[in-house]
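Below, each chain spelled out in residue letters.
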Amino acid sequence: MALRLVFMGTPDFAVPTLIEIVGRGHEVVAVYTRAPKPARRGMALKPSPVEREAGRFGLPVLTPKTLRTAEAEAAFRAHGADAAVVVAYGLILPQPILEAVPLGCFNLHASLLPRWRGAAPINRAIMAGDSETGVMVMKMDEGLDTGPVAMAERMPIGADMTAGALHDALARLGADMTVRALAALERGSLVLTPQAETGVTHAAKIEKAETRIDWSKSWRAVHDHCRGLSPAPGAWFETAGARVKVLRTTRGEASGEPGTVLDDALTVACGEGAVRILELQRAGRAPMKTDEFLRGTPLAPGTRLS
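Definitions and cut-offs
- Residues numbered from 1 in each chain as written.
- Predicted model: local features only at pLDDT ≥ 70, side-chain atom pairs only at ≥ 80, totals over all residues.
- Heavy atoms only, no water.
- Pairing = 2+ DSSP bridges.
- Helix = DSSP H or I, 4+ residues; strand = E, 2+ residues; numbered from the N terminus.
- Buried < 20%, exposed > 50% of the residue type's maximum accessible area, 1.4 Å probe, protein only.
- Right-handed = clockwise from strand over helix to strand, strands pointing away.
- Phe/Tyr/Trp six-rings, centres within 6.5 Å; stacked < 30°, edge-to-face > 60°.
- Core = buried A, V, L, I, M, F, W, Y, C linked by side-chain atoms within 4.5 Å.
- Contact = heavy atoms within 4.5 Å.

Caption draft 1: Inspection of the sheet that holds strand β6 (residues 83–87) at higher detail. Strands sit in the order β5-β2-β1-β6-β7-β9-β10 across an open sheet of 7 strands; the sheet is mixed. Looking at the sheet topology across the chains shown, the edges are occupied by β5 (61–62) and β10 (149–156). Summarising the sheet, β6 and strand β7 (residues 105–109) pair through 3 bridges and their orientation is parallel. Bridging from a neighbouring strand, Val 86 pairs with Asn 107 of β7.

Caption draft 2: How the structure looks around the pairing of strand β1 (residues 4–9). The element β1 is largely enclosed, with a buried count of 5 among its 6 residues. In this sheet, strand β2 (residues 27–32) lies alongside β1 in parallel orientation, the contact comprising 5 bridges. From the neighbouring strand, Met 8 faces β2, where its bridge partner is Tyr 32. For the handedness criterion, the β-α-β arrangement of β1, helix α1 (residues 15–23) and β2 is classed as right-handed. As judged from the 5 bridges shared by β1 and β6, these two strands associate in the parallel manner. Paired with Phe 7 across the strands is Val 85, a residue of β6.

Caption draft 3: Representation of the packing of aromatic side chains in the model. Throughout the structure, instances matching the rule amount to 2 aromatic pairs. Ring centres of Tyr 32 and Phe 76 lie 5.6 Å apart, and the angle between their planes is 65°; on these two criteria the pair is classed as edge-to-face. Here the residue Tyr 32 occupies a position in strand β2, and Phe 76 occupies one in helix α3 (residues 70–78), the gap between them amounting to 44 residues. Ring centres of Trp 215 and Phe 237 lie 6.3 Å apart, and the angle between their planes is 50°; this geometry places the pair in the tilted category.

Caption draft 4: Representation of the nonpolar core within the structure. Among the nonpolar cores identified, the biggest contains 41 residues, and Phe 7, Phe 13, Ile 21, Val 31 and Leu 170 are the most heavily contacted of them. It is helix α6 (residues 163–187) that contributes the most residues to this core, 11 residues altogether. Not counting residues up to four positions away in its chain, the partners in contact with Val 31 are Phe 7, Leu 18, Val 50, Ala 54, Leu 59, Pro 60, Val 61 and Leu 62. Formed by 25 residues, the second largest nonpolar core is a distinct cluster that contains Ala 235, Met 288, Phe 293 and Leu 299.

Shown next, in the form of structure tokens:
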């Protein structure tokens, strides 16, 4: 028997889960997502990826600014759903909403909880140099990603893997796991396990101030910083007054004063060792390989990047 569900999500990461839920025959009675935003200054409003996908399936979409009102609670209850599935929605669910569905609200989170609770678990795992992460489905409570875990899947993080690549892999893995968790919920066999009390870390939202590359750090730290922010928001340096994003790097084979270009292949010295930049992006331009970038923006050995 299919479940009657409310789906709550906003970015691309949530789309595979919505597709899987619909494909498995569950009845999605409402889709909650963030309101459309202007695509660019003066341009039309751009719906979220989840709203676009919901439209493809003909699902009703709601975009409330808050769920902390009596009206929002009444509207949520009126759906008559058995449960809710939440994937990177972007609004906090207050206790009345959590209690409004008999089987509970279940969240897909992109980390191995309790490590990396919070807004940016994929970026933070890579930036910290973690070798492994995963996805978990948990039953939500009022805490920040503190609820008991229903299912988990692990995934290695390759030494050169970017946040974008990991995002896509975890989205697919999480979608499959979520529908398996829903099947167990439907059967009444879903087992919930409290999270460990040790090993808690917080994945704070990425702030603009921390995206600038600090060349005084070791090559490994710079490498992890760049791939953990690739493709967005992007780690960057400044040259000739212009910001340049660094999308891919590898270990360089030279050393020197931190921030100094060491050769014609755009190897840059770090506090310990060096990184060789493989792919970059100028503002308003498409990503490009280093040789193409250097044809338009020569950076001779000895140039200092800030």
